[in-house]
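Geometric and topological summary
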Amino acid sequence: MMKRTLTFLLSLLISYGYAQNPDSVTIRKIYNEALSNGKSYEWLRHLTKQIGPRLSGSAGAQKAVDWTKQVMDQQGFDRVFLQDVMVPHWVRGAKEEAFIHIGKQKTVVPIAALGGSVATPAKGIEAQVIEVKSFPELRALGADKVKGKIVFYNRPMDPTKINTFEAYGGAVDQRANGATEAAKLGAVGAIVRSMTNVHDDNPHVGGMRYGTGVALIPTAAISTNGADLLSKSLQENPALTFYFKQNCETLPDAKSYNVVGEIKGSEKPDEIIVVGGHLDSWDLAEGAHDDGAGCVQSIEVLRIMKALGIKPKHTIRAVMFMNEENGLRGGVQYADLAKKNNEKHIAAVESDNGGFTPRGFGIVGKPEQREKIMAWKPLLAPYGLTEIGPSGGGADIGPLAQTGTVLLGFKPDSQRYFDYHHTTIDRFEAVSQRELELGAASMAAVIYLLDAYGL
Ligand SMILES: [Zn+2]
């Protein structure tokens, strides 16, 4: 009995000790502020509903630049500025058309041109179809079987992967390089199964690139239901034809901007910690999870610090990167300018995995730097941030790693991200206010610790 009482008293003392730890107290205040007075959700509403799609080079992208600058000006951050960056300017043109053609029967299927693709001829393309699951399978068929046909890539994302980003990584080569690999064997087009585990009618777009020295053939994403139907139809009628028409075009590069807001450091103003997301989205999407969420969360981190009177030692910057989706020019430009201006970036945190329930942070850095961050787990775990360890940082902050910046990728729950990714349904309604705010608080908590303890 005595022993049990002692153990109980001891555990009370320990939890009291943690609760009174000044870092715990500050982190509690950060969450309270985000969940009681948060602004990220209303900002996201404006960015998605009033501005909407904002592919690089579009009028929407320019509006998003102007508006996020204005929001940060209104917050009274110490400095808000733009960084010029030239971006690719690809436009979709009129909506695509596609159908499966068997005898007299034409069955319409949903497709969407992949970003960067060329158009079909004005009358479209119609050809027989070769279905494959991989590049080795395609190469084994050889030019004899592929020439003059449309290659149909139909390897699904692996549903058994618990982290859906891993499943995405295991399938996305088909989208990125499918057209080039097909063109090498004389194909006239490439149709790619959408990158999602969901069975629905939404084509999931995304970037692709052409290799040098091969024909530029048109390529499009087909919805997963469309892909299943095409596959089944091919089993029954291997000689069927597929028709598609798309009207996209690459225009000359356009001028755009990264948008930056900062709070000056009180002790080490020349050492910078970045928190960011990317401002551009695909043209079909409101870009709510990808990556409006990351942008408004990043601005919210600075707002929370100001609201709580936290005076950071280092300079803290919120960065809205431009052109992550089809070029990464903003991320590259940001790192180039940092180098040119001799800026020392000690750490960069990116949110580009959706506005879902926070789970943790992936870290890119030296082992001792990773361990330092992982030692903060007892402070963060009470908020559900338990997955803290080596993993990816983020595409936009990636180029900063060359100069030794430690990268942290915010990791929310991944289960629903690819339901919405790069589609018309990635809209404001798909984001939970509470989950978005918890994410902003999680990022603010880790920024607070990075600033307090350095690396
Ligand atoms: Zn993104």
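Since this is a predicted model, take the numbers as computed values, not measurements.

Considerations on the coordination of the zinc ion
Coordination of the zinc ion by the protein comes from His278 (NE2), Asp290 (OD), Asp352 (OD) and Asp352 (OD), over a distance range of 1.9 to 2.7 Å. Each of the four donor atoms around the zinc ion contributes to a set of angles spanning 51 to 147°, which defines the coordination as irregular. Mapped onto the polypeptide sequence, the residues donating to the zinc ion form the spacing pattern H-x11-D-x61-D. Of the two residues, Asp290 is situated in helix α9 (residues 288–307) and Asp352 in the loop between β13 (344–350) and β14 (358–364); the sequence distance between them amounts to 62 residues. Neither residue differs from the other here; Asp290 and Asp352 are each classed as buried.

Side note on the nonpolar core
Counting 68 residues, the largest nonpolar core has Ile27, Leu279 and Leu380 as the members making the most contacts within it. Among all residues touching Leu279, those that are not within four sequence positions of it are Leu47, Arg54, Ala64, Val65, Thr68, Val259, Cys295, Met320, Phe321 and Met322. If you look at the next biggest cluster of nonpolar residues, it comprises 30 residues, including Leu114, Phe135, Ala167 and Ala190.

What to know about the packing of aromatic side chains
Applying the stated criterion across every chain, the model contains 13 aromatic pairs. For the ring pair Phe165 and Tyr417, a centre distance of 5.1 Å and an interplane angle of 25° mean the geometry is stacked. Residue Phe165 is located in helix α6 (residues 164–169), and its partner Tyr417 is located in helix α13 (residues 417–420); the two are separated by 252 residues in the primary sequence. A centroid spacing of 4.6 Å and a plane angle of 25° characterise the contact between Tyr168 and Phe418, whose relative ring orientation is stacked. With a gap of 250 residues between them, Tyr168 in helix α6 and Phe418 in helix α13 connect regions that are remote in the sequence. Accessibility expressed as a relative area gives 3% for Phe418, which makes it buried. These aromatic residues form a ring-pair network of at least three members: Phe165, Tyr168, Phe356, Tyr417 and Phe418.

Some remarks on the sheet that holds strand β16 (residues 406–412)
Read from one edge to the other, the open sheet built from eight strands follows the order β1-β10-β12-β11-β13-β16-β14-β15, with strand pairing classed as mixed. Sheet topology places β1 (79–91) and β15 (387–390) at the edges, where each strand pairs with a single neighbour. Between one strand and the next, the sheet's axes are offset by a mean angle of 20°, whatever the strand orientation. Judged from the four bridges that link them, β13 and β16 form a sheet pairing that is parallel.

Some points on the sheet that holds strand β9 (residues 241–245)
Taken together, eight strands build an open sheet; the order of strands is β3-β2-β9-β5-β6-β7-β8-β4 and the sheet is mixed. Two strands bound the open sheet, and with one partner strand each, they are β3 (105–108) and β4 (111–113). Across this sheet, the average inter-strand angle for adjacent strands is 30°, counted without regard to direction. Here four bridges tie strand β5 (residues 125–132) to strand β6 (residues 150–153), and the two strands are oriented parallel to one another. Looking at the pairing, Val129 lines up with Ile150 of β6.

Comments concerning the pattern of salt bridges
As enumerated under the stated definition, the model contains 23 salt bridges in all. Between Arg416 and Glu435 there is a salt bridge; the shortest N-O distance is 3.3 Å. Separated by 19 residues along the polypeptide, Arg416 in the loop between β16 and α13 and Glu435 in helix α14 (residues 433–453) bring together distant segments of the chain. Arg416 sits in the partly exposed class, given a relative accessible area of 32%.

Structural notes on unusual backbone geometry
As a rule of thumb, non-glycine residues mostly have phi less than zero, and peptide bonds are mostly trans rather than cis. Note that the residue after Asp290, namely Asp291, is joined by a cis bond; omega there is 0°. By the secondary structure assignment, Asp291 is in helix α9. Phi angles above zero are rare outside glycine, and Leu328 is one such case at about 60°. The topology assignment puts Leu328 in the loop between β12 (314–321) and α10 (329–340). We note that His422 has phi near 60°; this positive angle belongs to a residue other than glycine.

What about the side chain of Asp280?
Relative to the elements of secondary structure, Asp280 occurs in the loop between β11 (268–278) and α9. One buried charged residue, Asp280, forms no salt bridge at all, with the nearest opposite charge on Arg54 at 7.3 Å. A polar side-chain atom of Asp280 sits 3.0 Å from the main-chain amide nitrogen of Asn323. Among the polar contacts listed, one links the side chain of Asp280 to the backbone nitrogen of Glu324, at a separation of 3.0 Å. Every residue in contact with Asp280, bar those within four places of it in the chain, is listed here: Arg54, Ser56, Asp291, Phe321, Met322, Asn323, Glu324, Glu325 and Asn326.

Looking at helix α3 (residues 40–51)
The first and last C-alpha atoms of α3 sit 15 Å apart over twelve residues, in line with the 16 Å expected at 1.5 Å per residue. Taken as a whole, α3 has its buried residues at Ser40, Tyr41, Trp43, Leu44, Leu47, Thr48 and Ile51. End-on view of α3: buried residues confined to an arc of 165°, all on one side of the axis. Those residues of α3 that are buried are in contact with α4 (59–74), α9 and α14.

Analysis parameters
Residues numbered from 1 in each chain as written. Predicted model: local features only at pLDDT ≥ 70, side-chain atom pairs only at ≥ 80, totals over all residues. Heavy atoms only, no water. Donors = N, O, S within 2.8 Å, 3.2 Å for Na, K, Ca; no water. Tetrahedral: all angles 85-135°; square planar, octahedral: opposite > 155°, others 65-115°. Helix = DSSP H or I, 4+ residues; strand = E, 2+ residues; numbered from the N terminus. Buried < 20%, exposed > 50% of the residue type's maximum accessible area, 1.4 Å probe, protein only. Core = buried A, V, L, I, M, F, W, Y, C linked by side-chain atoms within 4.5 Å. Contact = heavy atoms within 4.5 Å. Phe/Tyr/Trp six-rings, centres within 6.5 Å; stacked < 30°, edge-to-face > 60°. Pairing = 2+ DSSP bridges. Axes fitted to C-alpha atoms, helices over the stretch in contact; angles between N-to-C directions. Salt bridge = Lys/Arg side-chain N within 4 Å of Asp/Glu carboxyl O. Lys, Arg positive; Asp, Glu negative; His and termini not counted. Polar contact = N/O pair within 3.5 Å; in protein donor to acceptor, adjacent residues only side chain to side chain. Expected span 1.5 Å × (residues − 1). Arc of directions from axis to C-beta.

No statement about biological role is implied by the geometric values presented.
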